[in-house]
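# Descriptive structure summary
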Amino acid sequence: MELTGLLGYLVSFLTFAGIYAVMTLGLNSQWGFTGQFNIGIAGFFAVGAYTSAILTTPGSPAYLGGFGMPFLVGLAGAVLASMLIGYVIGRITARLRTDYLAIATIGIAEMIRLFIKNEEWLTNGVRGIAGIPRPLAGTPLDTSLGYLVIVAIFVVLVYFLLERAYVSPWGRVLRAIRENEPATSAAGKSIARFRLQAFVLGSAVMGLGGGLYAHYFGFLSPEAFKPLYGTFIIWVMLIAGGSGNNRGAVLGALIVWGVWTGTELFTDMMPAQYATQAAALRVLLIGVLLQVILLTRPQGLLPEKPPRLVGRKQASK
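Anyway, here's the lowdown on the structure attached to this text.

On to the pattern of salt bridges, then. When the charged atoms of two side chains lie near each other, side chains of opposite charge can form a pair. In this structure the tally under the stated criterion is 6 salt bridges. Among the salt bridges present, the one from Arg97 reaches Glu181, with a minimum N-O distance of 2.9 Å. Note that Arg97 is positioned in the loop between α3 (71-92) and α4 (98-118) and Glu181 in helix α8 (residues 181-186), a separation of 84 residues in sequence. When its relative accessible area of 28% is taken as the criterion, Arg97 is described as partly exposed. The exposure class assigned to Glu181 is partly exposed, which follows from its relative accessible area of 24%. Where Glu223 meets Lys226, a salt bridge forms, and the shortest distance between an N and an O atom there is 2.9 Å. Here Glu223 falls in the partly exposed class, since its relative accessible area comes to 39%. The network of salt bridges with shared partners includes Arg178, Glu179 and Glu304.

The following block contains the structure:
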């Protein structure tokens, strides 16, 4: 029984780490590639999760739904809805930089969360949406391990696509914008267009992570998308793993989620009267971890290594 429980915990841990790895990869395409300081990750996380839930759940008089569509259709809807929201936000914030963009995006994310919380006709408000179907329901593969395989497939797929984007000419323009925006503009590149493209791409990937979360957890409520769980911890994952490095984003998600769940096991052993302090202690420990990494390895555990151009033909490009 102990071995079975340990394996179950490991599967659950890897599944959640994989979902967070997807969202960290999305953030990396914004901050790591282009230097866009997006603090509104929770908003796209929520949009993706609720869109997929609404599309796939059975009918209910409590909220918009009843479409009963397949799992992949729900994920596609999550990606498209997040892309649309990302495009609108990207157009609104196109001229904002650094801390101004951060203030705007965190405000918009909180607006999205409050909209979800108050528009009961759409999301069932604080009561949330339950009964979100698993993708392999009714088959022998409808297990936690089966869903872990699905999440792993999406992590590999997103990683592969973003790696291809990173080494492409498009990715080189994004890195040039991050390093020297005036020089890139002088070279004839449309800064606003490339920044918007990177922002929309990252938003779509975050929405995909939200859809995967909804179908794994099976229940959604606005409390799941507070800045702590939907934004702060994802930023810690990226900074710890290595900004600009897709492998670092995945590694950071694994390590930080391991620390987060490990602190939960530690604080659960504290007396009941210290339960409130224990929750704050977990956040404190994550903050201390971030400070240690910033002081000892400011570029993360896996620093960015831009691809080298080999040969005269590539150099001429």
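The next point concerns the packing of aromatic side chains. In total, this model carries 19 aromatic pairs according to the counting rule given. Seen from their ring centres, Phe16 and Tyr216 are 5.2 Å apart, and the 85° between their planes marks the pair as edge-to-face. With Phe16 in helix α1 (residues 2-34) and Tyr216 in helix α9 (residues 191-217), this pair connects stretches of sequence that are 200 residues apart. Pairing Phe71 with Tyr147 gives two aromatic rings, centres 6.4 Å apart and planes at 70°, and the pair type is edge-to-face. Remark: Tyr147 occurs in helix α6 (residues 144-167) and Phe71 occurs in helix α3; sequence separation between them is 76 residues. Note on accessibility: Phe71 and Tyr147 belong to one class, buried. Here a set of aromatic residues connected by ring pairs shows up, and it is made of Phe16, Tyr20, Phe45, Tyr50, Phe71, Tyr147, Tyr213, Tyr216, Phe217, Phe225 and Trp257. Between the NZ or CZ atom of Arg175 and the centre of the ring of Tyr166, over which it lies, the distance is 4.4 Å.

Definitions and limits used
- All chains use their own residue numbering, which begins from 1 and follows the written sequence.
- Note on the predicted model: pLDDT of at least 70 is required for a residue's local features to be given, and 80 or more for side-chain atom pairs to be given and counted; whole-chain, interface and lining totals, by contrast, use all residues.
- Side-chain figures throughout are based on the complete set of non-hydrogen atoms in the structure, without hydrogens or water.
- Think of a salt bridge as a Lys or Arg side-chain nitrogen and an Asp or Glu carboxyl oxygen that are within 4 Å of each other.
- Each helix is a run of H or I in the DSSP string that is no shorter than four residues. Each strand is a run of E no shorter than two, and both are numbered from the N terminus.
- Think of it in three bands: with a 1.4 Å probe and only protein chains considered, a residue is buried below 20% of the maximum accessible area for its type, exposed above 50%, and partly exposed in between.
- Each aromatic pair joins two rings of Phe, Tyr and Trp (for Trp, the six-membered one) with centres within 6.5 Å, and gets the label stacked for planes under 30 degrees apart, edge-to-face for over 60, and tilted for any other angle.
- Each ring is checked for a lysine NZ or an arginine CZ that lies within 6 Å of its centre and within 35 degrees of its normal; such an atom marks a charge sitting over the ring.

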